[in-house]
Amino acid sequence: MRLGSGTFAAGCVVIEVLGVALFLRGFFPAPVFSGAERQAESPAPEPSAGATSNWTELPPPLFSKVVIMLIDALRDDFVFGSKGVKFMPYTTYLVEKGSSLSFVAEAKPPTVTMPRIKALLTGSLPGFIDVVRNLNSPTLLEDNVITRAKAAGKRIIFYGDETWVKLFPKHFVEYDGTTSFFVSDYTEVDNNVTRHLDKVLKRQDWDVLILHYLGLDHIGHISGPSSPLIGPKLSEMDSILMKIHTSLLSEEREALLPSLLALCGDHGMSEAGGHGASSMEEVNTALVLISSAFERKPGDVRHPTHVQQTDLAATLSIGLGLPIPKSNTGSLMFRVVERRPMREQLRFLHLNTVQLSKLLQENVPSYTKEPGFEQFKVSERLHRNWVRLHLEENNSEEALFNLGAKVRRQYLDALRMLRLSLTRRAAQYDVYSMAVGTVLVLEALALLLLGVPQALSSKAELDVPLLSPVSSLLFGLLLLALAALHVVVCTAADSSCYLCGLPWLAAGGVMALTAALLCAGMSALTRIFAGGQCLTQTPPQSTSRWSELDLLSFLGTVGHVLSLGASSFIEEEHQTWYFLVNTLCLALCHQIYRHCFLGDDCAPQRCPHTGEEFDGVEVALQGKRAGPEGWELSHAPKEPSSLEAFRGPERWMVLASPWLVLACCRLLRSLNQTGVQWAHRPDLGHWLTRGAPSHQKWPWRLACWASIATGQPLEMCCSHGNKTTKTFQNFTARTVGLWEIHSGLVLLAALLLRPHNLPVLVLSLVVQTVMTQFIWRPLRHGAAAVTVMHYWFGQAFFYFQGNSNSIATVDISAGFVGLDAYMEIPAMFLTAFATYSGPVLWASHLVNFLTSEASSGSALRRACFCYALVCSAPASVYILMVTSLRYHLFIWSVFSPKLLYEGTHLLATAAVCIFFTAVDQTNTKA
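Just so we're clear, the structure is a prediction, and the values are computed from it rather than from any experiment. (Residues numbered from 1 in each chain as written. Predicted model: local features only at pLDDT ≥ 70, side-chain atom pairs only at ≥ 80, totals over all residues. Heavy atoms only, no water.)

Caption draft 1: Quick look at the side chain of Arg116. With respect to the element layout, Arg116 can be found in helix H5 (residues 113–122). Salt bridges are absent for the buried Arg116, whose nearest opposite-charge side chain, Asp266, sits at 7.7 Å. (Helix = DSSP H or I, 4+ residues; strand = E, 2+ residues; numbered from the N terminus. Buried < 20%, exposed > 50% of the residue type's maximum accessible area, 1.4 Å probe, protein only. Lys, Arg positive; Asp, Glu negative; His and termini not counted. Salt bridge = Lys/Arg side-chain N within 4 Å of Asp/Glu carboxyl O.)

What follows is the structure, encoded as structure tokens:
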């Protein structure tokens, strides 16, 4: 079957996208918990020996009412640091001298809202795939505090982030949700919560009140933690907390039990204002439990202690007199019950350890060998002895207290060890789905590599052997073998598997696709070994040789792929691309000087130019082809033009253009510090947005200048793309619509980027113009070389605008530019485009450049194939690396976010390849 290289590459990338999606489904499993299996179970009775204990029911609640005031992005220093002292005086008083307990609650990645709410209420560790599900939260089926409270007859009222309403659609007797993603609003989104307070606090018809304030998080997304808006917002939250606390205190005079006010955050806020990653600013959140039950003695100084965010679920369950959620991995915050009688303390700790030990039994087959389980059994035996001595009533109080303190220490150690055991086994991988997805991705990559010689030839076509009798027989045998393997794996699988749960028609389609790709690869390899051919019946007769630039492109791409195996290189990947782009500029400088003064054979030679002699592109392209089926590489022109053809400054622009590009790249490196190790260091963006008030005027001046400047490079590009002789007149007609699309994308990027980031857009257009006029056209680089250079610059500009492999650098506020309400699809598109505007604009420019320059439609097909290869190679190899490193210490904090970025980038690559193919088909018909 004969296919154009562009169509072949697009198909391979689409298959890789399917493979990556299947791999992600296995790597980030999305288990469904019934939440009802243990609802009717009786609580574990108090251990007893020689006597019958009457403590067989759940302990009574510790608090009459509970108010949860969750302030989104409330990191710890906003309460316990200088900002808290200055802007939250009432909260600071409660922390330092009032009846409260203070904690720094550590949130595990991903530090985004929906997974953190799940962690707070279930006590479990949500999967990393919840980053994606955060955009449209499904109903929470896992056992949790809210479901338990509703089942116990608790009346729950909620106001705030509508994520809670989606997670618990039928649990609240009264609620009012606000849109969490419309980050441009940081005033009304909180006023819509506070306006209900006066009415609700006067009522007695509720047991649990939940308030989720979003304004602080929205300010962070807009202007970061150093914004002057942070202080007033913290003061507003402080006054609201004071109102709630004073109301609860006034009601306690008539109540039998004290009330509890829990001030907490779901995640922190990075220095850039985002969140989602694992920096200290993002994972450390403030947690303050306020109640008259925690009244302190004079001189009692309490410093915030560190706990896990998952510990709140067990603590709230004990406080409300509810069973602990069955998937909880947290432990009771012992400071909450340390003033209770010893028997109650041991009872609470016993309930927590029993729940964790049952969870361990369900997840670890050899649970009896776990140190935490052995410690639990020892604690339970000592507890049983203590209960027997306590019931005898003839033992001294001191002896009982000493033994009780020993049992308490044993329980606390058991809780710690059980939690560690469960945390280590939190990642339950679907290895079968991961393996099948990896095979699909590697098969597609192998076909791309095998097709390189013919895909980059003059015809840019491949002969894919799928319809021959031998291939059909091989396909049938492979399909039968894969079906048998599927049955064996699904029969022997101990845990649930996504592929095993699919209908046979869907699973058969995956197996058929795998067999077809494997068949094509084996047929190609057979032809190579049998006749020295690769996906064709005509052996290539290429006499072309690789230039230094080709070697640099190959080694740079391979080096980048190999660097993804180290966590430090992933965190600081921008340094890799900066190095590659700078090296590319130096290599281009060397190539230009060699062509201008020495030539390829080191003989004196005159410099090429963009004058009349270059208009005959067909002559140049023909001079670069080694044969009818030759592999096109980026060669220097065989008939260079004269340096004297340049007039005025243009004479030296060819020589100076690499240095100009290098200077632009160096300037952009100073604009945004990114990565992890040095992201905190000041940069030009920090100076412009967070410096003195006089500095903060500059972003808006840049915005005005950029709106004017973006038009000039666009005009230069468009006029240069259409400024041709009769040889290009038919291409001019074809590129008019493409240049309009490119111009529209540039203008959209100008609207979405932050004001201080507009120089990135302007200099991107400048570099594109300089490279087009003074490098690619004079040196007559081939489609493959130009494609690799576009890809490298696109990746570099992705990091120039402040992006990184951390989810925290995604600018969510860009998704709401021009929107007066939250609309999910437009917001997702705008956010994605703002994030990937650099690679998208460079890919768009590549289409326009090749369409306007080439004399044959094969250039687009070659470029499409090359772009697909250089984009898919990192994603394909990275999947193998992640599989081998799935138990690495940084698998969730470093490798998993990068995996999501690679999957998204591969999806964008598939769209780009389809666009390439569509343009090529349109040009062919024209």
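Caption draft 2: Region of the structure containing helix H22 (residues 548–563). When the terminal C-alpha atoms of H22 are compared, their 22 Å separation across 16 residues agrees well with the 22 Å that a helix rising 1.5 Å per residue should span. Along H22, the residues that are buried comprise Leu549, Asp550, Leu552, Ser553, Gly556, Thr557, His560, Val561 and Ser563. (Expected span 1.5 Å × (residues − 1).)

Caption draft 3: Region of the structure containing the environment of Ala455. With respect to the secondary-structure elements, Ala455 resides in helix H19 (residues 452–455). Put simply, Ala455 and Arg862 are 407 residues apart on the chain and 6.2 Å apart in space, counted from C-alpha to C-alpha. In this structure Ala455 touches Ser5, Ala460, Leu462, Arg862 and Phe865, once residues within four positions along its chain are discounted. (Contact = heavy atoms within 4.5 Å.)

Caption draft 4: How the structure looks around the sheet that holds strand S6 (residues 208–213). One open sheet accounts for 8 strands, arranged S5-S4-S6-S2-S7-S8-S3-S9; its pairing is mixed. On the outer flanks of this sheet lie strand S5 (174–178) and strand S9 (305–308), each paired with one strand and no other. Strand-to-strand twist across the sheet, computed as the mean angle between neighbouring axes with direction ignored, equals 15 degrees. Here 5 bridges tie strand S4 (residues 156–161) to S6, and the two strands are oriented parallel to one another. Of the residues in S6, the one forming a bridge with Gly160 is His212. On the sheet, helix H4 (residues 89–96) packs against strand S3 (100–106), strand S7 (260–264) and strand S8 (284–290) and is oriented at approximately 100 degrees with respect to S3. (Pairing = 2+ DSSP bridges. Axes fitted to C-alpha atoms, helices over the stretch in contact; angles between N-to-C directions.)

Caption draft 5: Structural context of the packing of aromatic side chains. Under the defined criterion, the tally for this structure stands at 24 aromatic pairs. Ring plane angle 55 degrees and centroid distance 6.1 Å describe the contact between Phe373 and Phe376, whose orientation is recorded as tilted. Residue Phe373 and its partner Phe376 are both found in helix H16 (residues 371–392); the two are separated by 3 residues, about one turn of the helix. The residues Phe373 and Phe376 share a single accessibility class, namely buried. Through pairs of rings, three or more aromatic residues link up here, namely Trp577, Tyr791, Trp792, Tyr867 and Phe916. (Phe/Tyr/Trp six-rings, centres within 6.5 Å; stacked < 30°, edge-to-face > 60°.)

By themselves, these observations are geometric and do not establish any function.
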